[in-house]
Amino acid sequence: MKVLKFGGTSVGSPERVNGVKKIIESQPSSCVIVVSAFQGITDELKQVAELASDRNDEYSVVLERIVWKHDDFLNHLLKGRKQEIHEKIRNIFNDLRETLNGIWLLRELSKHSLDQVLSTGEILSSLIINNLIENSLYIDSRTFIKTDSSFGFANVDFALTNSIIQRTISDTGNHIIVPGFISSNQHGETTTLGRGGSDYTAAIIAAAIDADVLEIWTDVDGFMTADPKKVEKAYAIDNLTYSEAIELSHFGAKVIYTPTLRPVYKKNIPILVLNTFNPGSKGTVISNKSTNGTHSPIKGISSIDHIDLITLQGTGMVGVTGTSMRLFGALARKEINIVLITQASSEYSITFAVSPADSQNATDGIHDEFRNEIDHNKELKILIERNLSIIAIVGERMKNTPGISATLFKALGRNGINVVATAQGSSELNISVVIKNESLKKALNVIHDGFFLSRFKELHLFVAGTGLVGTSFLKQIQKQSSTLLSERNLKVNLIGVTNSRKMFIDRKGISLEDYRETLKTKGEKGDISGFIHQMTRLNLRNSVFIDCTADQNVASMYNEILSKYVSIVAANKIACSSDYNYYQTLKNTANERGVRFMYETTVGAGLPIIKTLSDLVLSGDKILKIEAVLSGTMNFIFNEISPEMPLSEAIRKAREKGYSEPDPRLDLSGTDVVRKILILAREAGYPIEKEEVIVSKFLPDKCFTGDLNNFYRNVKEYDAEFEQKRKELVRQNRKWRFFATLDNGKAKVELVTVGPEHPSFNLEGSNNIILFTTSRYRELPMVIKGYGAGAEVTAAGVFADLMRVVNI
Ligand code: ADP
Ligand code: ASP
Ligand code: MG
């Protein structure tokens, strides 16, 4: 015979119960069917009992809700059926009312009466389902599952239980319906098997009747690699050993109640975990066969959301035998369930994890036991840490695979998740870590990404700046997103976007098509520190901050961003060209935190200049000299000057075409090029400051004071002089180039002239050229040349940096 168990999730509504009916009716032979209370009912019964004992009037409201819900099931499922069932149900509710009334009068809720109240849920659901399934038999589990009197968590008397089951349950050709979760003690009083205990009921029966298989029908496709409510990418595991399933469920995988596994394990009866809502899926087989068809050395990850860590610590423990025995004896007397234990090898402390509900009781127990050492000698003390969670990774194959801890800790470390304590089971079947509860979801996801080949990797973007570069970048992302997903398994989510006026963050993602509209209509007032605060509070894994502004305030936030384990891609030059100390701090922080700080586009837009330079340096080359035309704007202006296009007009044109800064004097004064050569010098290993770069201006100071109109007026005065020089240059076959040079650690920026022998002679339009003379490229310098300005190429460079962030 088979035993099938349908959980509360499978019987959440009348329609769902009809789905269960179909599954039962499709069984080729008769089975034992164990059912849970309808979804949510056990919780509501618990609530109503507590309200009654508090004499809270809300109690009748909750009670009527429970009655109403069952009426709804009856009306939908058993309309027009025998009066008998309606009457039975009425009687059950009358009994419940009486029990609750007693609790109300006594103002006390004993564990005994709570079990009495809770049992109603399973009694009702099993009766209704029994009436729904033609020719099914009904047996109340309290008649055959016999326990001690530990109400709420009763211990089964297996010898007695097994013999009664073997007498009462046999294959008569009809399905047998039984309520899960409930049992009775030797006095016939109702007990329960612990929350989630219907699974256990089914296992007890399966083991007693030597069932062929135990099927646990629930609301997910099987036992999954992680809780699908916390890890979106979790998927069903094909098979698990009993030991693996025990470890996973012990550490919180609610899909199977832990005690369930023991009776079937002993009898070697396989468990199948199946989905009521997707009956065709193959589910998970739990058996004694250890197969692992997947690439991963672990089978699954589970977690307990809330635990407290208690530490007993002090010199009173060193070299003293029997301390652990006394400690755990004290905890056992208080019936405390210990989830995890770790001991420092110095014997200076023992730390263990308990449920927060047990925390006070546990410390009281320890205090009683070690009163002398704690209060008098002060040799021991008790420390408690709260708001923690445990994560366990589990798999039989872990035993023989090195590097698992490394993968685990690397995944956590890279994402800024601090490990408070760790423990490894001696069987090497699990490694568990304790972390702060606030990081639980993030931790589960990064560990999952670290161990399982996911369908895709997700990036979470926070973009500052929606000007030309920011807009082009987001457009490129939008265009590439489906290719990135299909070819690189990369899912890029825009989570936050801000400009100087507005900001908007949405954890679920912002549509790339209408982020502008969203920012306008839903955005709040722009504030970069508020934006960054919200970004770090979200604490999403693989977060990247993209700076497409030219804003000093944004640049000054970089260190804080990197310290929060968020990578940065900057098109903004300010941070890298500010004080050398700040630049170095940013690099150090990124290194320490294992995140990336990328700024390729700060020099030469999309050209691979910084990457090349850093590769040369890393591979041991020495940079002797850099000569570069780094201002697309300046190159454009000096290439444009002609008899028809005087200097002042060429400047205007550069502005109109969007090549120059809004105030072109930032280009003409060399400020922009100074920043770039400073960055290159630093990348080449020279720790220089802005003030050390020598700038020779080619326009007098008076052009650089006053407003922009004033500037355009003043600069006209020099048109003739430049035209004169230009003619001279044409005669000599030479051209102007606005050069930045780094020679022997000294940087300068100046307007020079070059002849046809120089590689920059034919540099067209707004192009850039960079020549690296190095120990290896000494005779013939390495040359990089191409578009060095423009929103499209800069955005493409930002995109490329982002792709490099992914490859960490
Ligand atoms: P039922 O009412 O069927 O007993 P439960 O709510 O007790 O259902 O258990 C199923 C739930 O367990 C799933 O909906 C899922 O959220 C949760 N769960 C936690 N960890 C896992 C896991 N590793 N695999 C599958 N489900 C899990
Ligand atoms: N109905 C009980 C509970 O909610 C038992 C179960 O569902 O397994 O805990
Ligand atoms: Mg359950």
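The structure presented is a predicted model; accordingly, all values stated were derived computationally and were not measured.

Quick notes on the rules
- Residues numbered from 1 in each chain as written.
- Chains lettered and ligands numbered in written order.
- Predicted model: local features only at pLDDT ≥ 70, side-chain atom pairs only at ≥ 80, totals over all residues.
- Heavy atoms only, no water.
- Pairing = 2+ DSSP bridges.
- Helix = DSSP H or I, 4+ residues; strand = E, 2+ residues; numbered from the N terminus.
- Contact = heavy atoms within 4.5 Å.
- Axes fitted to C-alpha atoms, helices over the stretch in contact; angles between N-to-C directions.
- Near = heavy atom within 4 Å.
- Polar contact = N/O pair within 3.5 Å; in protein donor to acceptor, adjacent residues only side chain to side chain.
- Nonpolar A, V, L, I, M, F, W, Y, C, P; charged D, E, K, R; others polar.
- Buried < 20%, exposed > 50% of the residue type's maximum accessible area, 1.4 Å probe, protein only.
- Arc of directions from axis to C-beta.
- Areas by Shrake-Rupley, 256 points an atom, 1.4 Å probe, with all protein chains shown as cover.
- Bend = angle between axes of the 7 residues up to and from the residue.

Thoughts on the sheet that holds strand β7 (residues 213-218)
Okay, step 1: Taken in spatial order, the eight strands line up as β3-β4-β2-β1-β7-β9-β10-β8 in an open sheet, and their pairing is mixed. Both edges of this open sheet fall to β3 (137-138) and β8 (239-241), since each of them pairs with a single strand only.
Okay, step 2: With three bridges joining them, β8 and strand β10 (residues 284-287) adopt parallel strand pairing. Of the residues in β10, the one forming a bridge with Thr241 is Ser287.
Okay, step 3: Here helix α5 (residues 111-132) sits on the sheet in contact with β2 (31-35), β3 and β4 (176-179), set at roughly 165 degrees to β4.

Re the site of ligand 1
Okay, step 1: Around ligand 1 sit 17 residues in total, of which Thr9, Thr218, Asp219, Met224 and Lys229 are the nearest.
Okay, step 2: Between ligand 1 and Asp227 there is a distance of 3.1 Å, counted from an oxygen atom to a side-chain nitrogen or oxygen.
Okay, step 3: A distance of 2.8 Å separates an oxygen atom of ligand 1 from a polar side-chain atom of Lys229.
Okay, step 4: Taken together, the residues of the shell around ligand 1 sort by class into seven nonpolar, five polar and five charged.

Quick notes on the sheet that holds strand β27 (residues 746-754)
Okay, step 1: Strand order in the open sheet made by the six strands is β25-β27-β26-β24-β28-β29, with mixed pairing throughout. Among the strands making up the open sheet, the edge pair consists of β25 (694-695) and β29 (782-787).
Okay, step 2: Sheet analysis places strand β24 (residues 623-629) next to strand β26 (residues 735-743), joined by four bridges and oriented antiparallel. Within β26, the residue paired with Glu627 across the bridge is Thr741.
Okay, step 3: This element, helix α22 (residues 632-640), spans β24, β26, β27 and β28 (767-774) of the sheet and lies at about 150 degrees to β26.

Some remarks on helix α10 (residues 323-333)
Okay, step 1: Within α10 the residues assigned to the buried category are Thr323, Leu327, Ala330 and Leu331. Buried residues of α10, viewed axially, fall in a sector of 95 degrees; they line one side. Of the exposed residues in α10, the ones pointing more than 90 degrees away from its buried face are Met325, Ala332 and Arg333.
Okay, step 2: Downstream of α10 by a residue or two, Glu335 has a phi angle that is positive, lying close to 55 degrees.

A few points about the site of ligand 2
Okay, step 1: As a structural note, the neighbourhood of ligand 2 is formed by Ser36, Thr42, Glu122, Phe181, Arg195, Gly196, Gly197 and Ser198.
Okay, step 2: The contact in question runs from a nitrogen atom of ligand 2 to an N or O atom on the side chain of Thr42, over 2.7 Å.
Okay, step 3: In this structure, an oxygen atom belonging to ligand 2 sits 3.4 Å away from a main-chain N or O atom of Gly197.
Okay, step 4: Protein burial of ligand 2: of its 260 Å² of free accessible surface, 85% is covered by the chains.
Okay, step 5: Residues of the shell around ligand 2, tallied by class, amount to one nonpolar, five polar and two charged.

What about helix α15 (residues 468-488)?
Okay, step 1: The sharpest bend along α15 comes to roughly 50 degrees, located at Gln480.
Okay, step 2: Looking only at α15, the buried set comprises Val469, Gly470, Thr471, Ser472, Phe473, Leu474, Gln476, Ile477 and Leu484.
Okay, step 3: If you follow the buried residues of α15, they end up packed against β17 (457-464), β18 (490-498), α16 (515-522), β21 (543-547) and α28 (791-806).
Okay, step 4: Two residues or fewer after α15 comes Asn489, characterised by a positive phi angle close to 50 degrees.

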